[in-house]
Amino acid sequence: MADIWDKLHEECGVFGIYDVGDIEDIISDTYYGLYALQHRGQESCGIAVNDDGVIQLHKDVGLVSEVFSREVLERLPRGRMTVGHCRYATTGTQSASNAQPLVVRHVKGSMALAHNGNLTNAAELRREYELQGAIFHSTSDTEVIAYTITRERLTSPSIQDAVVAAMDKIKGAYSLVIMSPRKLIAARDPKGFRPLCMGRLGKSVVFASESCALDAIGAEFVRDIEPGEVVVVTDGGAVESIRTHCGQETRSACIFEYIYFARPDSVMDGSSVHQARQRAGALLALSHPAQADVVVGVPDSGLDAALGYAQQSGIPYGIGFLKNKYIGRTFIAPNQKQRENDVRIKLNPIASTVRGKRVVLVDDSIVRGTTSLKIVKLLREAGATEVHMRLSAPPFRYPCYFGTDIDSSENLIAYKHTVEEIAEIIGVDSLGYLPVEDLPKLVLGGCSGLCDACFTGCYPVKPPAAGAKSKFESKFSENPGD
């Protein structure tokens, strides 16, 4: 069925540990780290373990708790290094072959790789490599990265040098955790589109997409990996920073990480996600005030912004919805009646909060509008006399090519309709979006190094050719061969 939430999806979360001997159970810690990153990808997941130079892998389609039963976790060897991944597909279909980490074995050894992001030149690189005889086994751009690194390894003195050389060829968004027989490596693209951080658990080193995964295993946050930086962990937990690509390009961190993707308890590039969302709500209250009796947020990402709106406006904050936390990813509505009730199954309004009141409804965004229409209807049926919707993001109008599943403007309601028309379509009394010029104010220090292309259409790097995201899937039907 179509996505119940009518929301955007981020591609994935990456995680890795280099144990120097002070971690009791590296497999359990990797499992819990991935569990903390589950919001970043709910289609597939995997863990690769380095056991004395031999890499073993378990991955499959499903949630972390589905793929890694107790029996599976106990079967994995207790090595000294791990790489973990949870995935939502933006390039490549949902299948076990596209699940990560990706493990490759080549003439210089073996390598496990986990990737968060989306390459903008993956189709061109893959075509080039295929014409030279390369054979690809998946439809993910992660395999293009792996092939680029292994190719560079043939002429490089070390795996980290191969990664640095590969960064001259791959373009777009990528945060990587890479494991060789003896080293664990983290790398972030020169624009820093996607987050990546480093922590310590005792003397052991941990890499993760978000700091919340460090918290989940009791690791101490050390710092963010800088855009363009390659960090190498070697024998004894020694850490080397290679900054060949640092400072070469303007930082372009995805602003929607702060608005929606990341967990609110994470800190990214020095800014608290929770505080960024509260600031968004406060700025909304200033730019789009409303005469109302209560402010409510749409769980979960709208709650912090709703609190900020209430504090700035002086309008009381209320709990307007109860979210059913027991509906899993695989929930399927088998008939039309249940499909019509899909939002009610996941969200139920608390009537005593909204009955007879003018409500400010705060959410992070409107993508297609279908879910917003249903949520507003729920509030009306619960007795709200007015509904004034406020969004903690500007209108989505343009595709994203850097790790978000917006590959076309055609299905974006804000691309086709004015704000007034959208308000009428979803049935609200008024509608207000966060102004684009307020986006830099969300992060600490008013950072201007942000990517807002999905709102403005101004891309920090050249977008790929039309249809590039699905090119790997379509090429087999276009070129069936013998």
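In this text, all values refer to a predicted model and were calculated from it rather than measured experimentally. (Residues numbered from 1 in each chain as written. Predicted model: local features only at pLDDT ≥ 70, side-chain atom pairs only at ≥ 80, totals over all residues. Heavy atoms only, no water.)

Examining the packing of helix H5 (residues 141-153) against helix H6 (residues 159-166)
If you want to describe how two helices pack, look at the angle between their axes and the distance between the axes.
Okay, step 1: At their nearest, the axes of H5 and H6 sit 8 Å apart, and the two run at 120° to each other. Between H5 and H6, the angle falls in the class oblique. Taken as a pair, H5 and H6 cross one another with a handedness that is right-handed. Contacts from Thr148, Ile149, Glu152 and Arg153 of H5 reach H6 at Ile159, Ala162, Val163, Ala165 and Ala166.
Okay, step 2: When its residues are assigned to classes, the contact of H5 with H6 shows six nonpolar, one polar and two charged. (Axes fitted to C-alpha atoms, helices over the stretch in contact; angles between N-to-C directions. Helix = DSSP H or I, 4+ residues; strand = E, 2+ residues; numbered from the N terminus. Parallel < 35°, antiparallel > 145°, perpendicular 65-115°, else oblique. Left-handed = near helix turned anticlockwise from the far one by under 90°. Contact = heavy atoms within 4.5 Å. Nonpolar A, V, L, I, M, F, W, Y, C, P; charged D, E, K, R; others polar.)

Quick notes on helix H16 (residues 419-426)
One turn of the α-helix equals 3.6 residues, which is why residues spaced by three or four share an orientation.
Okay, step 1: Along H16, the residues classified as buried are Ile422, Ala423 and Ile426. Each buried residue of H16 sits inside an arc of 105° when the element is viewed along its axis, so together they form one side. Relative to its buried face, H16 has exposed residues pointing more than 90 degrees away, namely Glu420 and Glu424.
Okay, step 2: Where H16 ends, the next residue or the one after it, Gly427, has phi of about 80°, a positive value. (Buried < 20%, exposed > 50% of the residue type's maximum accessible area, 1.4 Å probe, protein only. Arc of directions from axis to C-beta.)

Let's talk about the nonpolar core
Okay, step 1: Of all hydrophobic cores here, the largest spans 45 residues; its most connected members are Ile255, Tyr309, Leu442 and Phe455.
Okay, step 2: For this core, the element with the most residues is helix H9 (residues 273-287), which contributes six residues.
Okay, step 3: When neighbours within four sequence positions are excluded, Ile255 is seen to be in contact with Leu439, Leu442, Val443, Leu450, Cys451, Asp452 and Phe455.
Okay, step 4: Within the second largest apolar cluster, 29 residues are counted, among which are Ile159, Ala162, Val164 and Ile178. (Core = buried A, V, L, I, M, F, W, Y, C linked by side-chain atoms within 4.5 Å.)

Comments concerning the sheet that holds strand E5 (residues 102-106)
Okay, step 1: Read from one edge of the open sheet, six strands run E5-E6-E7-E8-E12-E13, paired in antiparallel fashion. With partners counted over all chains shown, the strands left at the sheet margins are E5 and strand E13 (239-242), one partner each. With strand direction ignored, the average angle separating the axes of adjacent strands in the sheet is 20°.
Okay, step 2: Relative to strand E8 (residues 184-188), strand E7 (residues 172-179) is paired through five bridges, and the arrangement is antiparallel. Bridge pairing in E8 places Ser175 opposite Arg188.
Okay, step 3: Each of E5, strand E6 (109-119) and E7 is contacted by H5, which is oriented at about 135° to E6, the strand it contacts most. (Pairing = 2+ DSSP bridges.)

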